[in-house]
Amino acid sequence: MAEIKTIPDFSLTPRIDQVGIEERASRFTKRSIKNETKIKGLKLALNMIDLTTLEGKDTDGKVKQLCYKACHLHDAYPGLPSVAAVCVYPSMVAVAKKALGDSGIKVASVATAFPSGQSTRDVKLRDTKFAINQGADEIDMVISRGKFHQGEYNFVFDEIAAIKEACGEARLKVILETGELGSYDKVRRASDIAMYAGADFIKTSTGKISPAATMPVTLVMLEAIRDFYYKTGKKIAMKPAGGISKAKLALHYLVMLNEVLGEEWMNNEWFRFGASSLANDILMQLMKQKTGVYQSADYFALD
Amino acid sequence: MATKKNNTVKLQFDSSRNLAPALESKSVAKIADQYDLFINGKFEKPSSKKYFNTINPANEEKLSSVAEANSADVNKAVVAARNAYEKVWKKTSAKERSKYIYRIARMIQERARELAVIETLDGGKPIRESRDFDVPTAANHFFYYAGWADKLEYAFPNRKPQSLGVAGQIIPWNFPLLMAAWKIAPALATGNTVVLKPAETTPLTALKLAEIIQEADLPPGVVNIITGAGATGAALVNHPDINKIAFTGSTDVGKIIQKAIAGTNKKATLELGGKAANIIFDDAPLDQAVEGVINGIFFNQGHVCCAGSRLFVQESVYKIVLQKLKDRMESLIVGNPLDKNTDIGAINSKQQLDVINKYLKIGQQEGAEMFQSSCNIPKKGFYCRPTIFTNVAQSNRIAQEEIFGPVLAIQTFRTEDEAIEKANNTPFGLSAGVWTDKGSKIFNMTSKLRAGVIWANTYNKFDPTSPFGGYKESGFGREGGMHGLEGYLTV
């Protein structure tokens, strides 16, 4: 593992030009993904999904159904990959863990007073440890956006580092909640703080705030990952979440990933989609590629 | 230790370049086997009886053969333009003129796809660029100048702007349709008639434009389009009944034209070569700056007179900028221009490819270090990998002369003054780019750089409302915007 020798001054993180980043992001959408590249891309996107349910109304039964769907996306299409993980609240981790069994699908749990993060360090640590004890493989934490806006970067940094320590072997995803940050400059700064503090993943959004993931925001974060990799040799994974519900958009994200970080990141160890309805649209597109016609949405299970 | 680590850190982009083909269909492009000269509203056989071939530089296959106009044909076209000017166009009301120009704009939009495919077939540029840039911008120029036709007195208050007469226009091969639009639209809006000669390697979209003009019912002779090589251009420049020469092309030919028209009454605007400096300061948004450098030099295979062919990077960020630039270059897709995913298409002609390759040799002989993207290029057709040179000195030819290809010369600087001095240390002065997060620095730089167009935190942006033109040996006169009217009027 590469070591990080110096922690940079986060008030001096690289600046982002809004016009330039948006223009670059839109350029990826001009790529025309066809035939075998499309099928490969769709299957890969499917395999990168963190199938998510984060509702107050979640029950054991609902989570079990989701887990079954995670393993059997669409049995009418043999040879499909499974999703990467199922993402639930801490109280549902044990249910999910049991339902997924030895499928190889990871259980991710949000923690740290998700989604607002408005609680004490102690509560956040206990929230995290509870999820870990229940068997979570991955923890999705939120940063303290209020402190971040106040310029308390050390506070934000230390909090991430503390949660990372509590995670032990589990991989830590740090949610920046970019919809609350207000500028690309701040997204970049928060990304840098998270990576230097020990994040394994940086993640755009909770999905509870609009706007959630956008291509320019994700691009800012991918470029931050690249700069971090240039500097330290350490790879960080990326997870855009929320707002990606169409297969075509998912392919645009993969094009972007491929052209910014290259093929080493093109797998579910290094990239995830946080999404719930994306899977069915991808399935629909895959069936269209296979049969030549679109099928009704009723042919795809809603779990 | 840190540098060692940097060397092992390598991103891989092979899969991003190997996408399944996504070819634009050629079926919309109707190209005749042979094209004649468009004179007085009709296609006429050349009195030279000669035709020359125009090929697709992407695969070297013949597309069509095109008439070669000799001096008798040029004379015929000029006479037609003169007659149309005196008898019809001069008397046509500004409002009517503007209706014709609008109509041409609309028809370009209607046939956008066909024009884009033909532009790509004939010139080698990626379909993404001809579809998203060349054709829409060409239509926009017509739209924009249509609006000026009846407002000339507002553009030049308290004057009585008068048209000149017959404009001889010679355009280059890098943006064939767009350059035709840049030339024809303001000339018509100001009440002049036109004889236009497209470049010999890329005549087809201008001839398609002739078809559109014919279909738009523009009075015969108002626009005449004649094809041919240098001799045809010379005959046009030297014709005694021309009132104005508008030329876009190389500085060498520009000088010949200026000599030829010295002592005559002909007005001229010349838009010539360039060797633009793109300047990156250490406080710039670096990833966007790198993207700007990519757009600056690899847009249209670098066949752009305002291409950012010299890059100046502040010393403190040189290493990281170079690393980012090289990785970005690796993700560029070079290949069949008709593929929608192609970023860099074919070099326009064998002749131009030879010029570029000559400079690649010169650069290496001068001791500069060459880096090229590792991508494969097609075996047939004219292609050049995106190329950068480091360890370049101001005295190197690759830093002084216009290469007109995807070749970038990179130097470093320490202070603002040094950047300004080096950027201005060239006989050219067409364009420049400045990359910094600091507004005051932008204003300081833009007021001291001697270039006609300076972009700040962006590059190669064009709009019909914005004037374009050069300082020094990059020419004189402005095209585009309100300024673009002046070259076609006495005020």
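As the structure is a prediction and not an experimental result, all values here were calculated from the model.

What counts and how
- Residues numbered from 1 in each chain as written.
- Chains lettered and ligands numbered in written order.
- Predicted model: local features only at pLDDT ≥ 70, side-chain atom pairs only at ≥ 80, totals over all residues.
- Heavy atoms only, no water.
- Helix = DSSP H or I, 4+ residues; strand = E, 2+ residues; numbered from the N terminus.
- Rg over C-alpha atoms; globule rule 2.2 N^0.38 Å.
- Buried < 20%, exposed > 50% of the residue type's maximum accessible area, 1.4 Å probe, protein only.
- Contact = heavy atoms within 4.5 Å.
- Areas by Shrake-Rupley, 256 points an atom, 1.4 Å probe, with all protein chains shown as cover.
- Lys, Arg positive; Asp, Glu negative; His and termini not counted.
- Charge placed at Lys NZ, Arg CZ, Asp CG, Glu CD.
- Domains from an automatic or database assignment.
- Buried area = accessible area lost by both parts, 1.4 Å probe.
- Salt bridge = Lys/Arg side-chain N within 4 Å of Asp/Glu carboxyl O.
- Polar contact = N/O pair within 3.5 Å; in protein donor to acceptor, adjacent residues only side chain to side chain.
- Nonpolar A, V, L, I, M, F, W, Y, C, P; charged D, E, K, R; others polar.
- 1 Å grid on protein atoms, 1.4 Å probe; cavity = no way out; pocket = protein on both sides within 12 Å on 5 of 7 lines; lining within 4 Å.
- Points joined across faces, edges and corners; volume = space filled by probe spheres on them.
- Pairing = 2+ DSSP bridges.
- Axes fitted to C-alpha atoms, helices over the stretch in contact; angles between N-to-C directions.
- Phe/Tyr/Trp six-rings, centres within 6.5 Å; stacked < 30°, edge-to-face > 60°.

A.B. asks: Can you walk me through the overall build of chain B in this structure?
C.D. replies: From N to C terminus, chain B includes 18 helices and 20 strands. Since a compact globule built from 491 residues should have a radius of gyration of about 23 Å, the 23 Å found for chain B is in line with a globular shape. With the C-alpha coordinates of chain B rotated into their principal frame, the extents come out at 80 × 50 × 35 Å. Here chain B holds 491 residues, and the buried ones make up 62% of them. Residue pairs at least 24 apart in sequence account for 75% of intrachain contacts in chain B once pairs closer than 6 positions are excluded. For chain B, the exposed area adds up to about 18,300 Å²; of that, 50% sits on carbon and sulfur atoms. Charged side chains of chain B number 60 positive and 50 negative; the gap between the two group centres comes to 2 Å.

A.B. asks: Explain the domain arrangement of chain B here, please?
C.D. replies: By a frequent convention, interface size equals the accessible area lost on bringing the separate parts together. All names here are of chain B. By domain assignment, chain B separates into domain 1 (34–272 + 471–490) and domain 2 (274–456). At the junction of the two partners, domain 1 supplies 30 residues and domain 2 supplies 34 residues. With both sides pooled, the region where domain 1 packs onto domain 2 buries about 2,700 Å², and carbon together with sulfur makes up 57% of that total. If you sort the residues of domain 1 by the area they bury against domain 2, W173, Y471 and K472 come out on top, with a joint share of 22%. Counting across the interface, domain 1 meets domain 2 through zero salt bridges. For the pair domain 1 and domain 2, the interface holds 17 residue pairs in polar contact (both at pLDDT 80 or more). Mapped onto the side of domain 1 that touches domain 2, the elements with two or more residues apiece are α5 (112–123) and α6 (127–148). Split into classes, the residues belonging to the side of domain 1 that touches domain 2 amount to twelve nonpolar, nine polar and nine charged.

A.B. asks: Even after reading the chapter, I still don't get the interface of chain A and chain B, so can you show me in this structure?
C.D. replies: With 35 residues of chain A in contact, the opposing surface of chain B contributes 37 residues. Contact between chain A and chain B buries roughly 3,100 Å² in total, counting both sides, with carbon and sulfur atoms accounting for 45%. Considering only the surface of chain A that becomes buried against chain B, R27(A), R31(A) and Y230(A) emerge as the three largest contributors, covering 24% of it. The interface formed by chain A and chain B contains seven salt bridges. Here R24(A) ties to E291(B) by a salt bridge, and the two come within 3.2 Å at their closest N and O atoms. Of all the elements in the fold, those that place two or more residues in the side of chain A that touches chain B are α1 (18–28), α2 (35–47), α9 (215–232) and α10 (247–260) of chain A. Top element by residues in the side of chain A that touches chain B is α9(A). It accounts for seven residues. Taken together, the residues of the side of chain A that touches chain B break down into eight nonpolar, eight polar and 19 charged.

A.B. asks: What am I meant to see in the layout of surface pockets here?
C.D. replies: Empty space among the atoms becomes visible once a probe the size of a water molecule is rolled across them. Residue and element names in this part refer to chain B. Volume-wise, the second largest pocket comes out at about 1,200 Å³. Together, 41 residues line the second largest pocket, and W173, F247, G249, S250 and V253 are the ones closest to its centre. Breaking the lining of the second largest pocket down by element, the ones donating at least two residues are α10 (230–238), β10 (244–248), α11 (251–261) and α14 (350–365). Residue contributions to the lining of the second largest pocket peak at seven residues, all from α11. Partitioned by chemical class, the residues of the lining of the second largest pocket number 20 nonpolar, 13 polar and eight charged. Lining the lining of the second largest pocket are residues from two domains, each supplying at least three of them: domain 1 (34–272 + 471–490) and domain 2 (274–456).

A.B. asks: Before we go on, may I ask you to explain the sheet that holds strand β1 (residues 49–52) of chain A in this structure?
C.D. replies: The strands making up a sheet are joined through hydrogen bonds of the backbone, oriented either antiparallel or parallel. Residues and elements named next belong to chain A. As summarised here, the arrangement of the eight strands in space is β7-β6-β5-β4-β3-β2-β1-β8, forming an open sheet in which the pairing is parallel. Unpaired on one side and paired on the other, β7 (237–239) and β8 (273–275) mark the two borders of the sheet. Within this sheet the neighbouring strands show an average axis-to-axis angle of 25°, counted without direction. The sheet contact formed by strand β2 (residues 85–88) and strand β3 (residues 106–110) spans four bridges and is parallel. Its bridge partner lying in β3, C87 is registered against A108. Sheet strands touched by α9: β6 (201–203) and β7. Its angle to β7, the strand with the most contacts, is close to 170°.

A.B. asks: Is there a simple way to think about the packing of aromatic side chains in this case?
C.D. replies: This structure, assessed with the given rule, holds 24 aromatic pairs over all chains. Between Y196(A) and F228(A), the ring centres sit 4.9 Å apart and the planes meet at 85°, which makes this aromatic pair edge-to-face. With Y196(A) in helix α8 (residues 184–197) and F228(A) in helix α9, the pair connects residues that are 32 residues apart, well separated along the chain. For the residue pair Y196(A) and F228(A), the accessibility class agrees, reading buried in each case. Between F462(B) and F468(B), the aromatic rings sit 5.8 Å apart at their centres with planes inclined by 50°, giving tilted as the arrangement. Looking at F468(B), the relative accessible area reads 4%, which means it is buried.

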